[in-house]
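Chain and residue survey
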Amino acid sequence: MTTFVDRVELHVAAGSGGHGCASVHREKFKPLGGPDGGNGGRGGDVILVVDQSVTTLLDYHHSPHRKATSGRPGEGGNRSGKDGQDLILPVPDGTVVQDKDGNVLADLVGQGTTYVAAEGGRGGLGNAALSSARRKAPGFALLGVPGGMQDIVLELKTVADVALVGYPSAGKSSLISVLSAAKPKIADYPFTTLVPNLGVVTAGSMVYTIADVPGLIPGASQGKGLGLEFLRHVERCEVLVHVLDTATLESDRDPVSDLDMIEEELKQYGGGLDRRPRMVVLNKIDVPDGKDLAEMVRPDLEARGYQVFAISAVAHIGLKELSFALAEVVGQARAAKPKEEATRIVIRPKAVDDAGFTVVREDDGLYRVRGEKPERWVRQTDFSNDEAVGYLADRLARLGIEASLMKAGARTGDGVAIGPEENAVVFDWEPTVMAGAEMLGRRGEDHRFDAPRLASQRRRDKQAERDESDQEFDDFNPF
């Protein structure tokens, strides 16, 4: 049964916003109580959070579909809907978030680091929030916005200070077991290590972590063996330690050729592994032939610039010197790192000439409108309600979309699409009548027919009525 998973594809969906409510207050002796529809609740986000108690992505391997709860719809009596709950997904320290094309979206390192993988949708406004001096009793409400959806790839890269690399059965698992409290599987056959092992080492006042990955073989960078699949776990390590077997029974192998092979595979893999500080550990010197071979190859390795340690993980020979040497190199690497600065708040104001939308004429003659606001407004509109459709048209006109369509050459009856190709609202454009601002009222109304008369005009009309009445009386009275 699989107990360690370091790469999964996750399908996340945030909660949708609740719909607004269209309601009118009704109470005895108050026939005109006014609108009292509440707003819909906001949908929950899907948030990835680093939790150092989590060491594998196994849970997401078995359950790759995750969804946050949606917001509740609003109700009458000015009662807003409840917000949806955020879905918190704990991930191991060192998790890299990518899209399906391999683009890195977030690198989650450090306890509590978060990334919003999918954002919850806004709740729709109720008719109480939509009322105004011009629109005293709206007969509609806005719909909630659907929550965001995304397919992401989670890839775990172990966060460790030291990485042990080498051939299978070189003694890496034995070494990490005696340097730390880790308990990896140890046996006398190749590829006993099938997953990375992580241990914590204390050397004096220095505490550092050490990782052991499955053994490398020739061609690992091209996918042979298990090494390539787990080389990502050593990308974050500060120091690489070559564990070389000085007591191998294979006649075509020796420590120097093993080192050259591993170095070539690291170079082929990339990721900056070929530029990490190196140490060489000659293991199994408790075997007589192994000790002789270690003494033979040590001058050659030191001539290449490597710091060499001859040890025996089984007999616990040379471990203290190795542990303190690793602590010194790790301390130097940590000191050389730039100090972390407090996160700066970056404010990016919108450009003065940014309209917030674009209008593009496509090859088939269709005019496509793209922009965060118009696309959201379309998703919030109930197209079965004529008043809601009129409200959308007014909002689009105020945003300047009608003027931009006219500037782009659109004429009455031309097709206009708002949104992306796969999810757009398409309609035949009917421009509104251009009139003075004082003539505009609610859509479908013309206040020029019921405009109030001036006081002087009312006096003249009243006087004309009296004169007409006096004339009728004179015509009726013969005397």
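On a predicted model such as this, the values are computed, not experimentally measured, just so you know. (Residues numbered from 1 in each chain as written. Predicted model: local features only at pLDDT ≥ 70, side-chain atom pairs only at ≥ 80, totals over all residues. Heavy atoms only, no water.)

Brief notes about the overall build of the protein chain
- From N to C terminus, the protein chain includes 11 helices and 18 strands.
- Per-residue burial for the protein chain yields a buried fraction of 44% across its 479 residues.
- In the protein chain, the proportion of contacts linking residues at least 24 apart, taken out of those at least 6 apart, comes to 71%.
- Working note: accessible area of the protein chain is about 27,300 Å², and carbon and sulfur atoms make up 51% of it. (Helix = DSSP H or I, 4+ residues; strand = E, 2+ residues; numbered from the N terminus. Buried < 20%, exposed > 50% of the residue type's maximum accessible area, 1.4 Å probe, protein only. Contact = heavy atoms within 4.5 Å. Areas by Shrake-Rupley, 256 points an atom, 1.4 Å probe, with all protein chains shown as cover.)

Describing the pattern of salt bridges
- Under the definition given, this model contains 14 salt bridges.
- A salt bridge links Glu9 to Lys100; the nearest nitrogen and oxygen atoms lie 3.5 Å apart. Of the two residues, Glu9 sits in strand S1 (residues 7-13) while Lys100 sits in the loop between strand S5 (95-99) and strand S6 (104-108), which places them 91 residues apart along the sequence.
- The exposure class of Glu9 is partly exposed, given its relative accessible area of 35%.
- A relative accessible area of 54% means that Lys100 is categorised as exposed.
- Measuring nitrogen to oxygen at the nearest pair gives 2.5 Å for the salt bridge that ties Glu375 to Arg370.
- For Arg370, a relative accessible area of 35% gives the class partly exposed.
- What emerges from the salt-bridge pattern is a single network uniting Arg42, Asp45 and Glu119. (Salt bridge = Lys/Arg side-chain N within 4 Å of Asp/Glu carboxyl O.)

Remarks on the environment of Ala310
- Its place among the elements puts Ala310 in strand S14 (residues 308-310).
- According to the relative accessible area criterion, Ala310 is partly exposed, its value standing at 25%.
- With 28 residues separating them in the primary sequence, Ala310 and Leu282 have C-alpha atoms 4.6 Å apart.
- When neighbours within four sequence positions are excluded, Ala310 is seen to be in contact with Leu282, Ile285, Arg298, Ile317 and Gly318.

Looking at the sheet that holds strand S16 (residues 367-370)
- Pairing within the open sheet is mixed, and its four strands lie in the order S15-S16-S17-S18. Looking at the sheet topology across the chains shown, the edges are occupied by strand S15 (358-361) and strand S18 (425-428). Sheet twist, expressed as the mean angle between neighbouring strand axes with direction ignored, is 20°.
- Bridge count between S16 and strand S17 (residues 415-418): three bridges; the pairing is parallel. If you follow Arg368 over to S17, its bridge partner there is Ala417. (Pairing = 2+ DSSP bridges. Axes fitted to C-alpha atoms, helices over the stretch in contact; angles between N-to-C directions.)

Remarks on the pairing of strand S10 (residues 197-203)
- Only one face of S10 is buried, namely the one carrying Asn197, Gly199, Val201 and Ala203, since none of Leu198, Val200 and Thr202 on the opposite face is buried.
- Bridge count for S10 against strand S11 (residues 206-212) is seven bridges, and the pairing is antiparallel. Across the sheet, the residue bridging to Ala203 is Met206, located in S11.
- The antiparallel hairpin formed by S10 and S11 contains two residues in its connecting segment, where Gly204 sits at a positive phi of about 65°.

Remarks on the sheet that holds strand S4 (residues 87-91)
- Judged by pairing direction, the sheet is mixed, and its three strands sit side by side in the order S4-S2-S7 without closing on themselves. With partners counted over all chains shown, the strands left at the sheet margins are S4 and strand S7 (114-118), one partner each. Across the sheet, the mean angle separating the axes of adjacent strands is 30° when strand polarity is ignored.
- In this sheet, S7 lies alongside strand S2 (residues 46-50) in antiparallel orientation, the contact comprising four bridges.

Brief notes about the nonpolar core
- Judged by nonpolar contacts, the single largest core of 24 residues is most densely connected at Val162, Leu175, Tyr208 and Val241.
- Tallying contributions element by element places helix H7 (residues 319-336) first for this core, with seven residues.
- Beyond its immediate sequence surroundings of up to four residues, Val162 is in contact with Tyr208, Thr209, Ile210, Ala211, Cys237, Val239, Val241, Leu326 and Val330.
- Ranked by size, the runner-up nonpolar core spans 23 residues in total, among them Leu89, Val91, Ala106 and Leu156. (Core = buried A, V, L, I, M, F, W, Y, C linked by side-chain atoms within 4.5 Å.)

A few points about the packing of aromatic side chains
- As enumerated under the stated definition, the model contains one aromatic pair in all.
- Between the aromatic rings of Phe140 and Tyr391, the centroid separation amounts to 5.2 Å while the plane-to-plane angle is 45°, which identifies the pairing as tilted. Taken as a pair, Phe140 in the loop between helix H2 (127-130) and strand S8 (149-156) and Tyr391 in helix H9 (residues 386-399) lie far apart in primary sequence, 251 residues in all.
- Owing to a relative accessible area of 3%, Phe140 belongs among the buried residues under this scheme.
- Overall, the relative accessible area of 13% leaves Tyr391 in the buried class. (Phe/Tyr/Trp six-rings, centres within 6.5 Å; stacked < 30°, edge-to-face > 60°.)

Concerning H7
- When the terminal C-alpha atoms of H7 are compared, their 26 Å separation across 18 residues agrees well with the 26 Å that a helix rising 1.5 Å per residue should span.
- Within the span of H7, buried status applies to Leu319, Leu322, Ser323, Ala325, Leu326, Ala327, Val329, Val330, Gly331 and Ala333. (Expected span 1.5 Å × (residues − 1).)

What to know about the side chain of Asn385
- Among the secondary structure elements, Asn385 is positioned in the loop between helix H8 (372-379) and H9.
- In terms of polar contacts, Asn385 uses its side chain to reach the backbone amide nitrogen of Glu387, at 2.9 Å. (Polar contact = N/O pair within 3.5 Å; in protein donor to acceptor, adjacent residues only side chain to side chain.)

Considering the confidence of the model for the protein chain
- When pLDDT is averaged along the protein chain, the result is 81; 80% of the residues meet or exceed 70.
- Low pLDDT, under 50, characterises residues 433-441; the predicted model gives this stretch four contacts beyond four residues in sequence or across chains. (pLDDT = per-residue confidence, 0-100.)

Quick word on unusual backbone geometry
- For Asn78, which is not glycine, the phi torsion reads 60° and is therefore positive.
- Note that Asn78 resides in the loop between strand S3 (65-67) and S4.
- Judged by relative accessible area, which is 51%, Asn78 ranks as exposed.
- A positive phi angle is found at Lys284, which is not glycine, with a value near 70°.
- Among the secondary structure elements, Lys284 is positioned in the loop between strand S13 (278-283) and helix H6 (288-303).

Some details on a negative patch on the surface
- Taken together, the side chains of Asp363, Asp364, Glu421 and Glu422 present a region of like negative charge at the surface.
- Relative to the helices and strands, Asp363 is located in the loop between S15 and S16.
- We classify Asp363 as exposed; its relative accessible area is 84%. (Patch = residues over 30% accessible without salt bridge, like charges linked within 9 Å, V, L, I, M, F, W, Y side chains within 5 Å. Lys, Arg positive; Asp, Glu negative; His and termini not counted. Charge placed at Lys NZ, Arg CZ, Asp CG, Glu CD.)

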